[in-house]
Amino acid sequence: MPCQSNDELQLIVDEARTCTKHGRVADYIPALGEAKQDDLSIAVHYPDGTCYSAGDIEKKFTLQSISKVISLAFVLMERGKEYVFNRVGMEPTGDPFNSIAKLETMAPAKPLNPMINAGALVVTHMIKGGNVEERFSSLLAFIRELAGDPNVNYSQEVADSEFQTAHLNRALCYFLKQHNIVEENVEELMELYTKQCAIEMNCLDLARIGVVFAMDGVDPISEKQIIPKDIARICKTFMVTCGMYNASGEFAIKIGIPAKSGVSGGIMGAVPGKFGIGIFGPALDEKGNSIAGIKLLELLSKNYSLSMF
Ligand code: GLU
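Below, the structure is looked at part by part. (Residues numbered from 1 in each chain as written. Predicted model: local features only at pLDDT ≥ 70, side-chain atom pairs only at ≥ 80, totals over all residues. Heavy atoms only, no water.)

### Let's talk about the site of the ligand
The immediate surroundings of the ligand are formed by 13 residues, with Tyr28, Gln64, Ser65, Tyr193 and Tyr245 found nearest. Between the ligand and asparagine 117 there is a distance of 3.0 Å, counted from an oxygen atom to a side-chain nitrogen or oxygen. Residue tyrosine 193 places a side-chain N or O atom 2.7 Å away from an oxygen atom belonging to the ligand. About the coverage of the ligand: the protein hides 99% of its 290 Å² of free accessible area. (Near = heavy atom within 4 Å. Polar contact = N/O pair within 3.5 Å; in protein donor to acceptor, adjacent residues only side chain to side chain. Areas by Shrake-Rupley, 256 points an atom, 1.4 Å probe, with all protein chains shown as cover.)

Okay, here's the thing in C-alpha cells:
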C-alpha cells in the first residue's frame, strides 16, 4: 500500500520546520555536514499497513544512533540477556552520548547502557560471525527484514567519513579493551560500528521498523514475530530512559513516546500498540536531537494524546 501524503501532518511539519533555523547539522562526521538544514519529513505507519506522510519522504539518511536499539535487539536474540547485561548496564547516564567520563568511575568499567556510544560499541562487539563482513551482513539482513525492504543498504561515504574521524570512539574502545570488556581488534570493531551507523533508509522504512517495536516485535504485515516480545519490551524501555540522549527525561515528560534519535537527524518512534513513526530533520539541538523532529513529536503527542504516561 503506498504511503499517502496527509494534510494534517503537513500542517504540523510546516509549523515544526520553523525551528530548523535554531538547530545545526552535525559535522563532526564530515559527510553528515552535507545535509540540508531545513529538511523535515515524517511517515506514520499503522499495523494494518496504512501509512501517512508529509515532507520529502523519499530522502535517505543514515541511522547513526538509531541503529543502537536495533543492534541491541539483535544481540539479545543472538546471545541472551544474561550474557549481554553482564557486559553493558541498564541505567541512564545524564551525560552526552560520546562521554568517556563515567567509564572511569565504574568498577568494573562496564558502560552504563547500550544507547551511549561506549555501550553501543560493546553491543556491536557482541555480534556473532567469523569476520566483519559476515557480522555486518547478518545485522543488515535483520534490518532489511524489520524494514520489509530488501534494498536497505549502507552509505560507504558516511561509513568511511566516520571511520577516518572516529578518534573519540576509538578511545572508548581502547579503554574498554584495557578493561577486558572489548576483546577484538579495535580497527575491526570500528569498521563494523561505522558501517552499522551508516545504514541508510528513508522515513518510510524507519516508520515500518518503528511499528514492529510498537507491536511487541511482530511485523504486522507478515505477521511474523521478528523480535521476541520480552526483547522488544527491553528495547522500548531503553528508548524511554535513554533514547533521546541526555534529554530523555524531558522528552518522556513532554512527549511520552518510546523513541530513538541519531545525529543524522533521524528519529524512530514506537507508539505502543498503535503505530511506528519515522522522522528525518537534520538540524540538531545542542543535545544532538533533531530540533524540528522533537517539535513535530511534541505537536503530534499533544494533538493526538499519544503520551503513554
Ligand atoms: N556514529 C555516531 C557516533 O558514534 C552515532 C552518534 C549518534 O547518532 O548519536 O558518533
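There's plenty left to go through after this.
### What about empty space enclosed by the protein?
Overall, the coordinates contain one cavity of 30 Å³ or more when judged by the stated rule. The element that contributes the greatest number of residues to the lining of the largest cavity is helix H4 (residues 101-105), accounting for three residues. A per-class count over the lining of the largest cavity returns nine nonpolar, two polar and three charged. (1 Å grid on protein atoms, 1.4 Å probe; cavity = no way out; pocket = protein on both sides within 12 Å on 5 of 7 lines; lining within 4 Å. Points joined across faces, edges and corners; volume = space filled by probe spheres on them. Helix = DSSP H or I, 4+ residues; strand = E, 2+ residues; numbered from the N terminus. Nonpolar A, V, L, I, M, F, W, Y, C, P; charged D, E, K, R; others polar.)

### Side note on the pattern of salt bridges
All chains considered together, the criterion is met by ten salt bridges. Residue lysine 59 pairs with aspartate 39 through a salt bridge whose shortest N-O separation is 2.7 Å. Taken as a pair, lysine 59 in the loop between strand S4 (51-54) and strand S5 (61-62) and aspartate 39 in the loop between strand S2 (24-25) and strand S3 (41-45) lie far apart in primary sequence, 20 residues in all. According to the relative accessible area criterion, aspartate 39 is buried, its value standing at 10%. Of the charged contacts in the structure, one is a salt bridge between arginine 208 and aspartate 219, with a shortest N-O distance of 2.8 Å. (Salt bridge = Lys/Arg side-chain N within 4 Å of Asp/Glu carboxyl O. Buried < 20%, exposed > 50% of the residue type's maximum accessible area, 1.4 Å probe, protein only.)

### As for the side chain of threonine 124
With respect to the helices and strands, threonine 124 occurs in helix H5 (residues 117-125). With residues up to four places along the chain from it excluded, the contact list for threonine 124 reads Ser71, Arg135, Leu189, Leu192, Tyr193 and Gln196. (Contact = heavy atoms within 4.5 Å.)

### So, the state of the cysteines
One pass over the full model with this rule turns up one disulfide. Across the disulfide from cysteine 3 sits cysteine 51; the S-S distance is 2.1 Å. Between cysteine 3 and cysteine 51, the disulfide has an S-S torsion of -70° and is therefore left-handed. Note that cysteine 3 is positioned in the segment before strand S1 (4-5) and cysteine 51 in strand S4, a separation of 48 residues in sequence. For cysteine 51, a relative accessible area of 4% gives the class buried. (Disulfide = S-S within 2.5 Å.)

### A look at the packing of helix H2 (residues 66-79) against helix H10 (residues 203-214)
Where H2 contacts H10, the axes come no closer than 12 Å and their chain directions differ by 45°. Accordingly, the angle class assigned to the pair H2 and H10 is oblique. Considering how the two elements wind past one another, H2 and H10 form a crossing that is left-handed. Residues Ile66, Val69, Ile70 and Ala73 of H2 form the contact with H10, whose participating residues are Leu206, Ile209 and Phe213. Here the residues of the contact of H2 with H10 are counted per class, giving seven nonpolar, no polar and no charged. (Axes fitted to C-alpha atoms, helices over the stretch in contact; angles between N-to-C directions. Parallel < 35°, antiparallel > 145°, perpendicular 65-115°, else oblique. Left-handed = near helix turned anticlockwise from the far one by under 90°.)

### Comments concerning the side chain of arginine 135
By secondary structure assignment, the location of arginine 135 is in helix H6 (residues 132-147). Given the relative accessible area of 6%, arginine 135 is considered buried. Within the structure, arginine 135 has its side chain in polar contact with the side chain of glutamate 184 (distance 2.9 Å).

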